[in-house]
Amino acid sequence: MKVKSTLENYLFVLPAVIIFTIFYIIPFIWVFQLAFYDWDGIMPTKFFVGLGNFIEILQDKIWWRSIWQAGYITLIALTFQNALAFLLAWACDRQIRMKNFYRLIFFIPPVLSEVVVGLVWQWILDGNYGLLNHWLVSLGFPHLVRNWLSDPKTALTTVAIVHSWKGFGWGFLIFLAGLQTIPRELYEAARVDGANAWESFRRITLPLMIPVAVLVGILTILGTMQAFVLIIAMTGGGPAYHTQVPVLRILASMRGSSRFGYACAQGITFGIILVIVSFIQYRFSKRARQYQ
Amino acid sequence: MKTGLYYKTKRITINLFIHLFLLSVAVTCIFPLLWMVASSLKTQETIFRDMSFIPKEWHFENYYRAWREGGFGRNFLNSLFYTTSVVIGIIIVASLAAYAFSRLRFPGQNVFFAMFMAAMMIPIPGSFVPLYVLLNKLHLRNTALGYILCMINVGLSTSIFLLKTFFDKMPKELEDAARIDGCSKLGIWWHVALPLAKPVLAVVVVFNALNVWNEYVLALIIFDAKPLMPLQVALMTFQGEFITQYPLLMAGLTITALPIIIVYLFMQRYIVKGVTQGAIVG
Amino acid sequence: MVNPEQILNSNFQNSKFSYWILFVICVLVMGIFVIGCSTQKTESKATITIWHWMTDRQPAFLELARRYEAKTGVKVNFELYAPSDAYAQKVRAACQGNTLPDIFGILGEKRDFASFVKAGYILDLTPYMEEDSGLWKNSFFSEALSVNEFPEGNSYGVKPGIYAAPIDVMTIQMLYNKDLFRQLGLDPNRPPQTFGEFLEIGKKIKAAEIQGLVSGWGEMWMIDCLANNYAFNLMGKDKVLATIRGEVPYTDPDWIRVFRLFKEMQESGVLYNGIVTMINKTAEQLFANEKAVFAFNGSWCVNVYKGMNPNLNYGVMLPPKVSENFPMSIWGGAGSSFMVNAKSKNKEEAVKFLKWLTDKDQQAYLAEATNNLPANKESVREIPEVLSQFASAMRFATHPNVWGISEFSAVIEAFDKGIQSIIIGEKTPEQVAQEVQKIKERELAKRK
């Protein structure tokens, strides 16, 4: 009876595991073994180099710099983007007029093509004819005027903010779904007990939203660390290496210099880093949940 | 002594600030959309010269041209078909797995779950080459089925993760009641768990629909026949290596954005109404 | 409002049915891999399939295919796959799956081209080119052909020969806006000849608060191109090639001079503010809308500018020379070429079609329909004036693909990114020269 029940349980995951094995595990094994080869992606012959690719990655300063830069963008996304998403979701969860309108509008940036986002933001941020500089001058801050995307001091932060703007819609949506699962009765009860809005936010909303926040956090880390389309559209990874991110480096190895094996090794290294970061985040959130 | 008027003014001021905040974010969101629509009505000559939101001449024929020159008709239907199939596939496969990971016990459970999570994190560069060879061997290359299965796999891990988080959060009481009444595990999944998970299912639908709708690289690689290509590939013909036909591109992008916005409009009802029907968060 | 209890009660009896659903799903998922054999398509013999990425040429190609079928009865399928990045990946994937079409184009450096040849994917066209005492070969601009050629003793280890047929040619030069020239008080028919004059104009541009040179310097190869033009001007081809072979270091004064030119350009104000992250399409958009005085762009731009601003009044010039030691050179040669699949069953038919496609009349039609320079030198008849200026610069043209040797891509990257750093004032020319040399030595050591 027990065996039958266990087999039954396996049936639930079987379809997922079959698809996953064929379309993920097999390509993964292929990529994994290529990480130990020198291969240009075309020739039928490959050269075994052992750990050579990984040793080269360890010494590749630009690669590590690109990881730090992706980390910086992620940090901004985790704080700025998610705070924005949460606040907006919280505001839209309240009894407020036009909330259906807002719910629709906030989902526009994720739907828009990167081409449009890139063009519009380039136009806003352009150093010579840009709208932002124009406004800064007319508002009386001419000393702030700069070339936002090609000034090495501001390029990365600017890219991070545009990225956050493009991505907050997802966090908004998931937070909203999470807030909706909090029964209204709890708020009612708190109000009867004399709690004000802030107290009920702190006592009810926040603790119940922690698992959702963890989820959004991990999705943000993964989404942001792997983002590149918008960066290509805005700066192409420049000026110099100031907005390079790991995925751009992997693409550069694969397409630019035709070093397929090295690109695979970079992908694996990057994946390991992401797994570690997500695991740490998961552990922290678990502890946070135990304390509350 | 605080009067009713005090509370009323306080509430109005707070609401005013909230509206100001919401509106200012909303403006930045609408701006690119308006620009896209306005640009789609201009010509290649005026698109970057006349930056105003209201074009002097309205070139509605851009939409007609984009539709015809891009060969949108067939590709549009293809994209609809791929998106629906992939989303339905993911909903079934991922929710089954997520439910098992959340509620059922079986040996190796954690290993399997860790595997899916790792897959979400480890990018595999150049996976298109083994996929191509694999699909070719399975005789699935250049078929809709091969593409749909690949895309189901792409969305699987994240969807399982999303669904499992919400299943974990959901109350077990209803399921226990159902079990006592003699409902099978699968019955509980279908009749209890899924209806309760509507808000997150709606998120999964929107997330995957957008993903599949916007995908073109894999489609371009594994399809040879133009009749199988999705909409995004048709759209790429306006963005050539050397020449980009901006107004047609913008018209095409506007056409492509519409279905996703409709899906979202439809789904957000579930996200918002969803679970409030008597569920208790435990 | 729906009561969950009600849902439960109404459906409990059917729960056995759900198992059937699960069963069906599993069978479907597994069954999918068993079925599917029937969908393989069979191709008729008289069909040539061509893969390419050139969106702007597809209508003209389709028209030519129609004419060819009317003439010979052979059906030609031009299959367009854009964007080019994804196209390049498709070709590589198709290599591994052995599903390349009869004719295709490849994107990438000469080294990749060599790999395709060495792996046996590309047919050697030399015998066909030499037929009838070189009739086909002699119809092309020699610069266009040499890009597709592997000369005797090339460093790639490829059997010498011609491996592709060029269908059009391009050159990359500087352009200047005549109206803005007039506005600056300059003679619109006398573009700057020397680098000094160029920098002087930069000062005027700065004073007039307009913007100077635009180019796609966010995409690296455009920087590489201009820097190499000046390297040829300053030290000549032999020394550049000696540097690539590792015999001359990048810290050589001539190379430092090349790096310093970019610093001088930046300081004089002749560069567009923000050029370092500019993609070429933005550059084209700015030049077409008269927001920049100069552009550094390829001959394809004629068509782009025509679409965006038919009234744009501009001229073509060589990059203003720095030194009298060696002639100024520009990059040029084959814009796009087609290769024949060596493993194709239809390769004889495919070669015949390529011969027809590169024949005088078809080339003239292509040039006219797409505003590109034809690869067939007999077809340069009535092309627009600006375009003919591009064509006449062909005699100054060279290209990394004809040098018979390639620089390591890591060095090229360090070189181009280094120049970006110089422009944004982060590094000095000397620092960049040293860094590039360090990477060059590392790569050289690795190959030993």
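It should be emphasised that the depicted structure is a prediction, and the values quoted were computed from it without experimental measurement. Along every chain, residues carry numbers that run from 1 in the direction the sequence is written. Written order determines the labels here, with chains lettered from A and ligands numbered from 1. Where local features are concerned, this predicted model is filtered to residues with pLDDT of at least 70; where side-chain atom pairs are given and counted, the filter is 80 or more; whole-chain, interface and lining totals use all residues.

Enquirer: Any chance you could break down the overall build of chain B for me, citing the residues and the numbers?
Expert: Numbered from the N terminus, helices here are DSSP runs of H or I no shorter than four residues, and strands are runs of E no shorter than two. Counting its regular elements, chain B contains 12 helices and 0 strands. When the helices and strands of chain B are read in sequence order from the N terminus, they spell out α-α-α-α-α-α-α-α-α-α-α-α. C-alpha atoms define the radius of gyration in this analysis, and the globule rule sets the expected value at 2.2 Å times the number of residues to the power 0.38. The globule rule puts the C-alpha radius of gyration for 282 residues at 19 Å, and the 24 Å found for chain B is more than 25% above it. Along the three orthogonal principal directions, the C-alpha set of chain B runs to about 80 × 70 × 30 Å. Counting across all 282 residues of chain B, residues that qualify as buried make up 55%. For the purpose of contact definition, each residue receives a C-beta atom placed from its backbone, and two residues are in contact when these atoms lie within 7 Å. Summarising the internal contacts of chain B: among those between residues at least 6 apart in sequence, 77% fall at separations of at least 24. Three classes are used. A residue is buried when 20 or more other C-beta atoms lie within 10 Å of its own, exposed when 12 or fewer do, and partly exposed in between, with C-beta atoms placed from the backbone.

Enquirer: Describe in detail the interface of chain A and chain C, supporting the description with residues and values.
Expert: Between chain A and chain C, the contact holds 29 residues from the first and 33 residues from the second. Considering every element that reaches the side of chain A that touches chain C, the biggest residue donor is helix 1 (residues 2-34) of chain A, with 5 residues.

Enquirer: Hey, could you go over the interface of chain A and chain B for me, with residue numbers and the actual values?
Expert: Bring the parts together and some accessible area is lost; that lost area is often taken as the interface size. The interface is formed by 63 residues belonging to chain A together with 67 residues belonging to chain B. No other element matches the 18 residues that helix 1 of chain A contributes to the side of chain A that touches chain B. Under the scheme applied, nonpolar residues are Ala, Val, Leu, Ile, Met, Phe, Trp, Tyr, Cys and Pro; charged residues are Asp, Glu, Lys and Arg; polar residues are all the others, including Gly. The residue makeup of the side of chain A that touches chain B, split by class, is 51 nonpolar, 9 polar and 3 charged.

Enquirer: Before we move on, could you go through the packing of helix 1 of chain A against helix 6 (residues 144-169) of chain B and cite the residues and values that matter?
Expert: To describe two helices that pack against each other, one gives the angle between their axes and the distance between the axes. Relative orientation of the contacting elements helix 1 of chain A and helix 6 of chain B amounts to 115°, with a least axis distance of 9 Å. Note on packing geometry: the crossing formed by helix 1 of chain A with helix 6 of chain B is left-handed. Taking contact as the criterion, the partners of A:A16, A:I19, A:F20, A:F23 and A:Y24 in helix 1 of chain A are, on helix 6 of chain B, B:L149, B:C150, B:I152, B:N153, B:L156 and B:I160. When the residues that make up the contact of helix 1 of chain A with helix 6 of chain B are grouped by side-chain class, the tally is 10 nonpolar, 1 polar and no charged. Note on definitions: angles span 0 to 180 degrees between N-to-C directions of axes, and those axes are lines fitted to C-alpha atoms, for helices only across the stretch in contact. Two helices cross in a left-handed way if the nearer one is turned anticlockwise from the farther one by less than a right angle. They cross in a right-handed way if the turn is clockwise.

Enquirer: Now, about the pairing of strand 1 (residues 47-52) of chain C: what can you tell me, with residues and values included?
Expert: All names here are of chain C. Buried residues dominate strand 1, accounting for 5 of its 6 residues. We treat two strands as partners when DSSP finds at least two bridges between them. Sheet topology note: the strand 1/strand 2 (residues 75-80) ladder contains 6 bridges and is parallel. Residue pairing for strand 2: I50 is matched across the bridge by F78. Seen with the strands pointing away from the viewer, any crossover whose path from the first strand over the helix to the second strand runs clockwise is right-handed. Handedness of the crossover is the feature at issue here: the chain leaves strand 1, passes through helix 3 (residues 58-72), returns alongside strand 2, and the resulting connection is right-handed. Pairing analysis gives 2 bridges linking strand 1 to strand 3 (residues 103-104), with the strands arranged parallel. Note that in strand 3 the partner of I50 across the bridge is I103.

Enquirer: Please provide a residue-by-residue account of the environment of A:I272, values included.
Expert: All names here are of chain A. Within the element layout of this structure, I272 appears in helix 13 (residues 260-291). The class for I272 is partly exposed, based on 13 C-beta atoms found within 10 Å. Along the primary structure I272 and G238 are separated by 34 residues, whereas in three dimensions their C-alpha atoms are 26 Å apart.

Enquirer: Run through unusual backbone geometry, naming residues and quoting values.
Expert: The residue after C:A82, namely C:P83, is reached through a cis peptide bond having omega 0°. Locating C:P83 in the fold gives a position in the loop between strand 2 and helix 4 (84-97). Within the chain, B:N142 stands out as a residue other than glycine whose phi angle is a positive 60°. As for its position among the elements, B:N142 is in the loop between helix 5 (128-137) and helix 6.

Enquirer: Let's hear about helix 10 (residues 197-225) of chain A: which residues, and what values?
Expert: An α-helical segment advances 3.6 residues per turn. Residues three or four places apart therefore align on the same side. All names here are of chain A. Take the residue count of a helix, subtract one, and multiply by 1.5 Å to get its expected span. Between the first and last C-alpha of helix 10 there are merely 36 Å, a value that for 29 residues lags more than 12% behind the 42 Å anticipated at 1.5 Å per step. Note that bend, as reported per residue, equals the angle between axes fitted to the 7 residues terminating at that residue and the 7 residues originating from it. At I210, helix 10 shows its maximal kink, close to 50°; a proline, P211, follows between one and four residues later. Listed as buried for helix 10 are M209, V212, L215, V216, I218, L219, T220, I221, L222, T224 and M225.

Enquirer: For the nonpolar core, give the residues involved together with the corresponding values.
Expert: In this structure, B:A97 and B:V203 are the most contacted members of the largest nonpolar core, which totals 320 residues. In terms of residue count, the dominant contributor to this core is helix 8 (residues 155-180) of chain A (15 residues). The domain limits used here are those given by an automatic or database domain assignment. Looking at which domains feed residues into this core, each of domain 1 (47-169 + 334-395) and domain 2 (171-332 + 405-447) of chain C supplies at least three. Look past the residues within four positions of B:V203 in its chain and what remains in contact with it is A:L173, A:I174, A:A177, B:L162 and B:I271. Residues enter a nonpolar core if they are buried, belong to Ala, Val, Leu, Ile, Met, Phe, Trp, Tyr or Cys, and are joined to the set through C-beta atoms within 7 Å.

Enquirer: Describe in detail the environment of B:M170, supporting the description with residues and values.
Expert: Residues and elements named next belong to chain B. Locating M170 in the fold gives a position in the loop between helix 6 and helix 7 (173-180). Separated by 23 residues in the primary sequence, M170 and A193 have C-alpha atoms spaced 8.4 Å apart. Residue contacts for M170: discarding those within four places in its chain leaves L196 and A197.

Enquirer: Could you give me a rundown of the pairing of strand 10 (residues 330-340) of chain C, with the residues and numbers involved?
Expert: Residues and elements named next belong to chain C. In terms of burial, strand 10 is a largely internal element, 11 of the 11 residues being buried. As paired strands, strand 3 and strand 10 are joined by 2 bridges and run antiparallel to one another. Paired with I103 across the strands is V340, a residue of strand 10. Sheet analysis places strand 10 next to strand 12 (residues 397-398), joined by 2 bridges and oriented parallel. Counted as the bridge partner of I330 is A397 from strand 12.

Enquirer: Go over the confidence of the model for chain A with me, naming the residues and quoting the values.
Expert: Scored from 0 to 100, pLDDT records how confident the predictor is in each individual residue. Across chain A, the average pLDDT comes to 88, with 98% of residues at or above 70. The secondary-structure element of chain A with the lowest mean pLDDT is helix 9 (residues 184-192) of chain A, recorded at 84, while helix 3 (residues 61-93) of chain A shows the highest, at 93.

Enquirer: Before we move on, could you go through the packing of helix 10 (residues 221-245) of chain C against helix 11 (residues 253-268) of chain C and cite the residues and values that matter?
Expert: Residues and elements named next belong to chain C. At a minimum axis separation of 9 Å, helix 10 and helix 11 run at an interaxial angle of 165°. In terms of axis orientation, helix 10 runs roughly antiparallel to helix 11. Every pair of crossing elements has a handedness; the one defined by helix 10 and helix 11 is right-handed. Of helix 11, the residues touching helix 10 (which contributes A227, Y230, A231, L234, M235 and K239) are D254, R257, V258 and L261. Here the residues of the contact of helix 10 with helix 11 sort into 7 nonpolar, no polar and 3 charged. An angle below 35 degrees is read as roughly parallel, one above 145 as roughly antiparallel, one from 65 to 115 as roughly perpendicular, and any other as oblique.

Enquirer: I'd like a rundown of the environment of A:V145, residues and numbers included.
Expert: All names here are of chain A. Within the secondary structure, V145 is located in the loop between helix 7 (131-138) and helix 8. For the pair formed by V145 and G130, sequence separation is 15 residues and the distance between their alpha carbons is 9.8 Å. Sequence-distant contacts of V145, defined by excluding residues within four places in its chain, comprise N133, L136 and V137.

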